[in-house]
Amino acid sequence: MQAKLILAAFGLCSTLAACGDTTGEQVVYGAGAGAVGSALLNGNLVAGAAVGAAANVIYCKENPHKC
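Residues numbered from 1 in each chain as written. Predicted model: local features only at pLDDT ≥ 70, side-chain atom pairs only at ≥ 80, totals over all residues. Heavy atoms only, no water.

(A) How the structure looks around the overall build of the chain. When helices and strands are counted, the chain shows three helices and zero strands. Traced from its N-terminal end to its C-terminal end, the chain shows the element sequence α-α-α. For the chain, with 67 residues in total, the buried portion stands at 28%. Considering only contacts in the chain between residues 6 or more positions apart, those separated by 24 or more positions represent 42%. By element, 70% of the accessible surface of the chain is carried by carbon and sulfur atoms, the whole surface being about 4300 Å². (Helix = DSSP H or I, 4+ residues; strand = E, 2+ residues; numbered from the N terminus. Buried < 20%, exposed > 50% of the residue type's maximum accessible area, 1.4 Å probe, protein only. Contact = heavy atoms within 4.5 Å. Areas by Shrake-Rupley, 256 points an atom, 1.4 Å probe, with all protein chains shown as cover.)

(B) Representation of unusual backbone geometry. With phi around 60 degrees, asparagine 42 is a residue other than glycine that occupies positive phi space. Relative to the helices and strands, asparagine 42 resides in the loop between α2 (23-40) and α3 (45-62). Since its relative accessible area comes to 64%, asparagine 42 is described here as exposed.

(C) Quick look at α3. Over its 18 residues, α3 runs 25 Å from end to end, which matches the ideal 26 Å to within 8%, given 1.5 Å per residue. For α3, the complete set of buried residues consists of Gly48, Ala49, Gly52, Ala53, Asn56, Val57 and Cys60. One side of α3 holds all its buried residues, which, seen down the axis, span an arc of 155 degrees. Facing away from the buried side of α3 by over 90 degrees, the exposed positions are Val51, Ile58 and Glu62. Among the residues of α3, the N-terminal cap falls to asparagine 44, whose side-chain oxygen and the backbone nitrogen of valine 46 are separated by 2.9 Å. (Expected span 1.5 Å × (residues − 1). Arc of directions from axis to C-beta. Polar contact = N/O pair within 3.5 Å; in protein donor to acceptor, adjacent residues only side chain to side chain.)

(D) Representation of the environment of valine 27 in the model. Looking at the secondary structure, you find valine 27 in helix α2. Residue classification places valine 27 among the partly exposed residues on the basis of a relative accessible area of 36%. Residues valine 27 and alanine 50, 23 residues apart in the sequence, show an inter-C-alpha distance of 8.8 Å. Discounting chain neighbours no more than four positions away, the residues touching valine 27 are Ala53 and Val57.

Printed below as a string of structure tokens:
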């Protein structure tokens, strides 16, 4: 189980590192990261994608110099 958590964290970080230049790209990248994380943790894929998309858009809007 710990290996899955480490892999999920690495996948989320690497996906979020590519924030996207537009809001649409940010949504897609965040949704992908959330879905991958949910899949690795046996969670709800739709909920994971929604949370990931929202989190990435919010992060990129709050920290534009980091994206």
